[in-house]
Amino acid sequence: MKTLNLAVIGKDVSKSDSPAIHTFIASKTGNSVSYKKISIDESEFEDRAEGLFKEFDGFNVTIPYKLSIIPYLNKICGDAQAFGAVNTVNAGDRLGYNTDGMGFALMLKNDGVDVCGKDVLLLGAGGAGRSVAKKLADAGANVFIYDTRFESSQKVASEFGATPVENVTAKPYYAIINATGIGMHKTEGISPVGEDLLSLCSVAVDLIYTPEKSAFLQIAEALGKKIVNGKAMLFYQAYYSQCIFFGIAPDEEQAKLLFTQYTEENI
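Residues numbered from 1 in each chain as written. Predicted model: local features only at pLDDT ≥ 70, side-chain atom pairs only at ≥ 80, totals over all residues. Heavy atoms only, no water.

S.K.: Pulling in residues and values, what's your account of the overall build of the chain?
M.R.: Per the secondary structure count, the chain includes 10 helices and 12 strands. In terms of overall size, the chain behaves like a compact globule, its C-alpha atoms giving a radius of gyration of 18 Å where 267 residues would be expected to give roughly 18 Å. For the chain, the spread of C-alpha atoms along the three principal axes comes to 55 × 40 × 35 Å. For the chain, the residues scored as buried account for 50% of the 267 residues in total. In the chain, the share of contacts with a sequence separation of at least 24, taken over all contacts with a separation of at least 6, comes to 61%. (Helix = DSSP H or I, 4+ residues; strand = E, 2+ residues; numbered from the N terminus. Rg over C-alpha atoms; globule rule 2.2 N^0.38 Å. Buried < 20%, exposed > 50% of the residue type's maximum accessible area, 1.4 Å probe, protein only. Contact = heavy atoms within 4.5 Å.)

S.K.: Give a detailed account of unusual backbone geometry, specifying residues and quantitative values.
M.R.: Along the chain, Ile63 connects to Pro64 via a cis peptide bond; the corresponding omega equals 5°. Relative to the assigned elements, Pro64 resides in the loop between β3 (58-61) and β4 (75-76). Here Thr210 and Pro211 are connected by a cis peptide whose omega angle stands at 5°. Along the chain, the position of Pro211 falls in the loop between β11 (203-206) and α8 (215-222). With phi around 55°, Arg94 is a residue other than glycine that occupies positive phi space. Residue position: Arg94 is located in the loop between β5 (88-90) and β6 (95-97). One non-glycine residue, His185, lies in positive phi territory at about 55°. Considering the arrangement of structural elements, one finds His185 in the loop between β10 (175-178) and α7 (195-198).

S.K.: For the environment of Lys28, give the residues involved together with the corresponding values.
M.R.: Within the element layout of this structure, Lys28 appears in helix α1 (residues 18-28). Assessed through its relative accessible area of 41%, Lys28 is described here as partly exposed. On a C-alpha basis, the gap between Lys28 and Leu4 in space is 15 Å, while along the polypeptide they are 24 residues apart.

S.K.: An account of the packing of helix α5 (residues 127-138) against helix α6 (residues 150-160) is needed here, citing residue identities and associated values.
M.R.: Between α5 and α6, the least distance of the axes is 10 Å, while the angle of their chain directions is 35°. Classified by chirality, the crossing of α6 by α5 is right-handed. Only Lys155, Val156, Glu159 and Phe160 of α6 make contact with α5, whose side of the interface consists of Arg130, Ala133, Lys134 and Ala137. (Axes fitted to C-alpha atoms, helices over the stretch in contact; angles between N-to-C directions. Left-handed = near helix turned anticlockwise from the far one by under 90°.)

S.K.: Now, about the sheet that holds strand β2 (residues 32-39): what can you tell me, with residues and values included?
M.R.: Taken together, the 6 strands give an open sheet; going across it, the order is β2-β1-β3-β5-β6-β4, and neighbouring strands pair in mixed fashion. The two strands at the open ends of the sheet, each matched to only one other strand, are β2 and β4. Relative to β6, β5 runs antiparallel, the two sharing 3 bridges. Counterpart to Val89 in the pairing with β6 is Gly96. Taken strand by strand, helix α9 (residues 231-246) contacts β1 (3-10), β2, β3, β5 and β6, and its axis lies near 5° from that of β5. (Pairing = 2+ DSSP bridges.)

S.K.: Quick rundown of the environment of Ala255? Include the residues and the values.
M.R.: In this fold, Ala255 is placed in helix α10 (residues 252-265). Accessibility expressed as a relative area gives 0% for Ala255, which makes it buried. Taking C-alpha positions, Ala255 is 28 Å from Leu73, a pair spaced 182 residues apart along the chain. Not counting residues up to four positions away in its chain, the partners in contact with Ala255 are Leu106, Phe235, Tyr236 and Tyr239.

S.K.: Explain the pairing of strand β12 (residues 226-229) residue by residue, including any values.
M.R.: Pairing analysis gives 4 bridges linking β11 to β12, with the strands arranged parallel. Bridge pairing in β12 links Val205 to Val228. On the question of chirality, the crossover connecting β11 to the parallel β12 by way of α8 is right-handed. (Right-handed = clockwise from strand over helix to strand, strands pointing away.)

S.K.: If you had to explain the pairing of strand β8 (residues 142-146) to someone new, which residues and values would you point to?
M.R.: With 5 bridges connecting them, strand β7 (residues 119-123) and β8 associate as parallel partners. Bridge pairing links Val120 to Val143 in β8. In this region the chain leaves β7, passes through α5 and returns to the parallel neighbour β8; the handedness of that crossover is right-handed. Summarising the sheet, β8 and strand β9 (residues 163-165) pair through 3 bridges and their orientation is parallel. When the sheet's bridge partners are listed, Ile145 is paired in β9 with Pro164. In the classification by handedness, the crossover that spans β8, the intervening α6 and the parallel β9 is right-handed.

What follows is the structure in structure tokens.
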């Protein structure tokens, strides 16, 4: 059995769950990985980037290097082209991929959230928002995008056939998706929107997975809404990444089963 030497790189990945998730997936699928956390200061990235391709068989990329890694690649493939960002690198052939959108789409599917033909409000037009906007549009949703920088909303909306929203007003949406990051770290306990808007939706989805229930989800749950946190998206994007690393075809049912097992074993 071949063991792949993998890693996650970012500015600070000291608290990343990626090693645990990738090691778990490999162990359950007959593979083996050695998976490290590599924190790199932004001032050191250029000096260290080339070395990553020699040290690892593949690596995952997180904030703030999903764009910075692109000049070092031979080609970016699939969703990475549409997103303009890479989260998975096959080091041997220097190919870059992005599995965030696939992870998001599978999370919605497995949580029974069907957005086809429905109005969805997306909060945030950054890197995460871009991947979500594309997958929502692919799924047939009527996507409305709000960002504190209206020009960002306009740009993403124009790319993916969505509607930019300059001001968030209380109107009914089937789902509201938080892709802003508000609710974790220094903003823990804060929700990007309040009861007036959440009371009118059916589903609240937060890409944040720590804390498990952000203020955004707590408010929605108290109002009797269906809530989805981003832990499944994190797991599924890792699953799709590992399929790329090992050159195997992804299986949605297998991914769902593995996530259930991982959740049960890591309560």
